[in-house]
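# Architecture at a glance
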Amino acid sequence: MDHSVRARKRVALFGALATIVLFFVFPVLAVATPALDGVTGGIGVVYLIGIVEIVGATLAAVVYCRWADRAERG
Amino acid sequence: MEPLPVAIVCVLIATTIGITAYAKRRNVDTGDHYVAGRRLSAWQNGLALAGDQISAASFLGITGAVALTGMTGFLLGIGLSTAFLLIVLLVAEPLRNLGRFTLADAVATRFDGRGLRGAIAVTTLVISTVFMVVQFVGSGLVASALLHIDFAVAVVILGGLMTLYTVVGGMVGATYIQIFKTSLLLVMVLTLFVVVISRTGWNPLGPMKEAAAQMGDDVMRVDRSDSTVSWNFISLNMGLVLGMMGMPHIMVRFLTVRDGRAARSSAQGAMWIFAVFFLLLPIFGFAAANEVGRDAITAANPAGNSAATALAQAVGGDVLFALVAGVVIATVLAVLAGLAIAASGAAAHDLYTNVLKRGEVDERRQLQVSRLAGVGIAVVAIVLALGAKDLNVAFLANVAFSIAAATTMPVVVLSIYWKGFNRIGATWGIVGGLTLSLVLVVLGPDVMGKGDAIWPLSIPAIVTIPFAFALCWLGSRVARGNPDAQGMPWEEFSARAFPSRTRGDGDRFSRDGVAAATPERTTSSP
C-alpha cells in the first residue's frame, strides 16, 4: 500500500481510538462514580467537563483537518 | 387558532415551498435527486449537516430531559461532538470517494453482492423510519400546541409537506431548506438565550445557578440511584458516538460535496455550530424548570417534549412562543426531507434497481420509483408516529443511533480499514446486528414496560456493537478461503478511498467522483 495512504490510515485509527477512550471516561465517571458530583458556584462539574469535551473534540477536528489537507497535498 | 403563530408558520412553510420550487430546476437527474449533483461546497454541506443534528429530537428532547431530570438529561447530547470527530477521522473522506448515491454504494465499491446490498438497504430503511417517527412526534406535538389542531392532523400535514419537498426538490431542495432552517434556528436559539439570561442578571449560567438554589445541588449531578439507568446511559452514549458513522441520512451528506477535503471541512464546520447549540440546551432545560415548573411541563407532555416551547412562552410571550414553535416545525420538515431521500434512495437505488433489477433500470424509471418509495415510507412513518406520541423523542432517536452502531457502522468502518474483511463477514455483521438490536429493543422496557421487560436496557448498543463486530470477524474468518467473497483488491480499494494529489488522484476524484475511479488509477502510483 502507498506510504501516504498507510500514514493517513494510521493517524485516523489511532486518533479514533484515543477519542473513544478519552470520551468514555466521562460518562463512565459520571454515571458510575461520585467523581463528577461536585458543584462549583451552583454549576455542576459534569457541565464544565462537558464543555471541555465538546470544545476539545471540535478543536481536535480542526487540527486533524489541517494535517489531512497537508498530507493530501503530499 | 391564534393569528400570530398561524401567520409565522404559514410564512415559514411558504418560504420552504418557494425554496423547493427554486430547487426543482436543479433537480434534473438521479445524481441531483440523491446527492445534489455532488456540487455542494463545504460551508453549504456544513450548515446542512449541522441542521440534521440540531433537530426537533435534540432541541425538544434534551431540553425536556434536562428540565425533568437535571444534568442526567445533559448526557443525552454530550457525545455528539465526539461522534463527529470520529466521522472526520474515519469516514468522511473515504465515503465521499467511494460512494455514489447511497451508503450501500460505498460498501459495494469493495464488496459487490445483492445480498449484502439488500441487507444494508433494509437496515437503512429501518433506521430512517425510526428517526422519521421521532421527528414526526416532536413536530406533531409542537404543531398541535401552536395551531390548536389535533396531533394526528398535524402529523399528516407535516408528512404531506415532507413528501412534497422530497419528490419535487430532491437532495438539492432538502439541502437548501436545511441551510435556511439552520440559519433560522441559530438566530432563534440565540434570541431565546438572550431573553432567558436577561431574566437572570445577564449571567449566561444564571438559570443553572437558579435551579440549584431552588431545587438543590442534586439537579447538577447525574442520578446514580438506579444502576440500570447508569448502564443505559453508557450504552446510549456508545450508540450515539459510534452510531453516527452509520446513520444513512448523515453519511449520504458526505456524497454531496465536491471532494474529500470538502467532506472533512463540512463536518468540522458543523461541529462548531452544534457545539454552541448543545452547550445552550442545558441552560434552556434548567430555565424551563425554573420558569415553567416541572409539574406544568410534565402535565403538558409526560416526556417533557413541550419544555422548550413552554419556556419560550413563559419568557417571551406569544411572539417568542410562535417564533420558536414555527422554527421547530421548519426544523423538522428539513430533517424529514433529508431522511426521506436517504430512505427512498435505499428503496429505489439499492433494493429496486440493484437488487431486484440487477442494475437494468433507466434513470427516469429509477427516479419514479424513488419518488413512490418516498411516499410509501412517509405513510409508514406517519402511522407509527401516531402511536408513539408519549415517548421521549430523544430516547427514540437514540434507538436509531443504536441500531446504526450495530449494523452499518461496523460494516462501513471495517470495509475501509480491515484488509481481512470480506463480503460474508459484512453480511453476517449487518444481519446479526440488526436482528439482535430489534429483538432487544422489543424485549426492553420501552416496549414491554418496566415491570415486564425481559431485557433491562432501553438502548442495547453496549451488547449489540461487540456482537456485530464479532460476527464481522467470524464471518470473515469462515470465508477467508472463498475468493468470491474477497471483493476488490485491497491496494486498489485503498487508493480509491484515500486518493493523493501526488499520485494524481485528487483532481480526478474532485471532478468526477467515484465514476471516474478506474483501475489505472493505481498504476499511476509511484
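This one's a predicted model, so the numbers in the text were calculated from it and none came from an experiment. (Residues numbered from 1 in each chain as written. Chains lettered and ligands numbered in written order. Predicted model: local features only at pLDDT ≥ 70, side-chain atom pairs only at ≥ 80, totals over all residues. Heavy atoms only, no water.)

Moving on: the layout of surface pockets. Residues and elements named next belong to chain B. For the largest pocket, the calculated volume is near 890 Å³. In terms of lining, the largest pocket is formed by 28 residues, of which the most central are N232, F395, D446, K450 and S458. Put simply, the parts of the chain that give the lining of the largest pocket at least two residues each are helix 4 (56–69), helix 5 (71–74), helix 11 (227–243) and helix 20 (445–448). No other element matches helix 11, which puts five residues into the lining of the largest pocket. (1 Å grid on protein atoms, 1.4 Å probe; cavity = no way out; pocket = protein on both sides within 12 Å on 5 of 7 lines; lining within 4 Å. Points joined across faces, edges and corners; volume = space filled by probe spheres on them. Helix = DSSP H or I, 4+ residues; strand = E, 2+ residues; numbered from the N terminus.)

A few words on the packing of aromatic side chains. Residues and elements named next belong to chain B. Tallied over the entire structure, the rule returns 15 aromatic pairs over all chains. An angle of 90° between the planes, with centres 6.4 Å apart, marks the rings of F59 and F284 as edge-to-face. Taken together, the residues F59 in helix 4 and F284 in helix 13 (residues 260–291) connect sequence positions 225 residues apart. Comparing F59 with F284 shows no difference in burial state: the two are buried. Among the aromatic side chains, those forming a connected cluster through ring pairs are F59, F84, F274, F277, F278 and F284. (Phe/Tyr/Trp six-rings, centres within 6.5 Å; stacked < 30°, edge-to-face > 60°. Buried < 20%, exposed > 50% of the residue type's maximum accessible area, 1.4 Å probe, protein only.)

What follows covers the packing of helix 1 (residues 3–24) of chain B against helix 9 (residues 151–198) of chain B. Residue and element names in this part refer to chain B. Contact pair helix 1 / helix 9: the axes reach a minimum separation of 8 Å and the direction vectors enclose 115°. For the pair helix 1 and helix 9, the sense of crossing is right-handed. Between helix 1, through L12, I13, T15, T16, I17, I19, T20, Y22, A23 and K24, and helix 9, the contact on the second element is made entirely by L161, L164, Y165, V168, G169, V172, G173, Y176, I177, F180 and L184. (Axes fitted to C-alpha atoms, helices over the stretch in contact; angles between N-to-C directions. Left-handed = near helix turned anticlockwise from the far one by under 90°. Contact = heavy atoms within 4.5 Å.)

The next subject is a nonpolar patch on the surface. On the surface, F14, L17, V21, V25 and L29 of chain A cluster together into a nonpolar patch covering about 470 Å² of accessible area. Mapping F14 of chain A onto the fold places it in helix 1 (residues 3–32). (Patch = residues over 30% accessible without salt bridge, like charges linked within 9 Å, V, L, I, M, F, W, Y side chains within 5 Å. Areas by Shrake-Rupley, 256 points an atom, 1.4 Å probe, with all protein chains shown as cover. Salt bridge = Lys/Arg side-chain N within 4 Å of Asp/Glu carboxyl O.)

Turning our attention to the pattern of salt bridges. All told, the structure shown has 14 salt bridges over all chains when counted by the stated rule. For the salt bridge of R264 of chain B with E93 of chain B, the shortest nitrogen-to-oxygen distance reads 2.7 Å. Of the two residues, R264 of chain B sits in helix 13 while E93 of chain B sits in helix 6 (residues 80–98), which places them 171 residues apart along the sequence. Its relative accessible area of 2% is what places E93 of chain B among the buried residues. Of the charged contacts in the structure, one is a salt bridge between R496 of chain B and E492 of chain B, with a shortest N-O distance of 3.9 Å. Separated by four residues within a single helix, R496 of chain B and E492 of chain B lie in helix 22 (residues 490–497), roughly one turn from each other. Across this residue pair, the class does not change: R496 of chain B and E492 of chain B are buried. One continuous salt-bridge network, built from bridges that share partners, spans R8, D69 and E72 of chain A together with E93, R261 and R264 of chain B.

Facing the 51 residues of chain B at the interface are 48 residues of chain A. Between chain B and chain A the total buried area reaches about 4700 Å² when both faces are included, carbon and sulfur atoms providing 71% of it. Between chain B and chain A we count five salt bridges in total. Residue E93 of chain B is joined to R8 of chain A by a salt bridge in which the shortest nitrogen-to-oxygen separation is 2.4 Å. Scanning the region where chain B abuts chain A turns up 11 residue pairs in polar contact (both at pLDDT 80 or more). At the level of secondary structure, the elements contributing two or more residues to the side of chain B that touches chain A comprise helix 5, helix 6, helix 10 (206–215), helix 11, helix 13, helix 18 (408–417) and helix 22 of chain B. Considering each element in turn, the side of chain B that touches chain A owes the most residues, 10 residues, to helix 13 of chain B. (Buried area = accessible area lost by both parts, 1.4 Å probe. Polar contact = N/O pair within 3.5 Å; in protein donor to acceptor, adjacent residues only side chain to side chain.)

On to the nonpolar core. Counting 209 residues, the largest nonpolar core has F59, F84, I87, V91, F136, F274 and F284 of chain B as its most contacted members. If we skip the residues at most four places from it in the chain, F84 of chain B touches L49, Q53, M244, I250, A267, A270, M271 and F274 of chain B. (Core = buried A, V, L, I, M, F, W, Y, C linked by side-chain atoms within 4.5 Å.)

This paragraph deals with the packing of helix 8 (residues 114–147) of chain B against helix 15 (residues 307–356) of chain B. Residues and elements named next belong to chain B. Helix 15 packs onto helix 8 with a crossing angle of 160° between their chain directions and a minimal axis gap of 8 Å. When the axes of helix 8 and helix 15 are compared, the pair comes out roughly antiparallel. At the point where helix 8 passes helix 15, the crossing takes the left-handed sense. Counted by class, the contact of helix 8 with helix 15 contains 27 nonpolar, nine polar and three charged residues. (Parallel < 35°, antiparallel > 145°, perpendicular 65-115°, else oblique. Nonpolar A, V, L, I, M, F, W, Y, C, P; charged D, E, K, R; others polar.)

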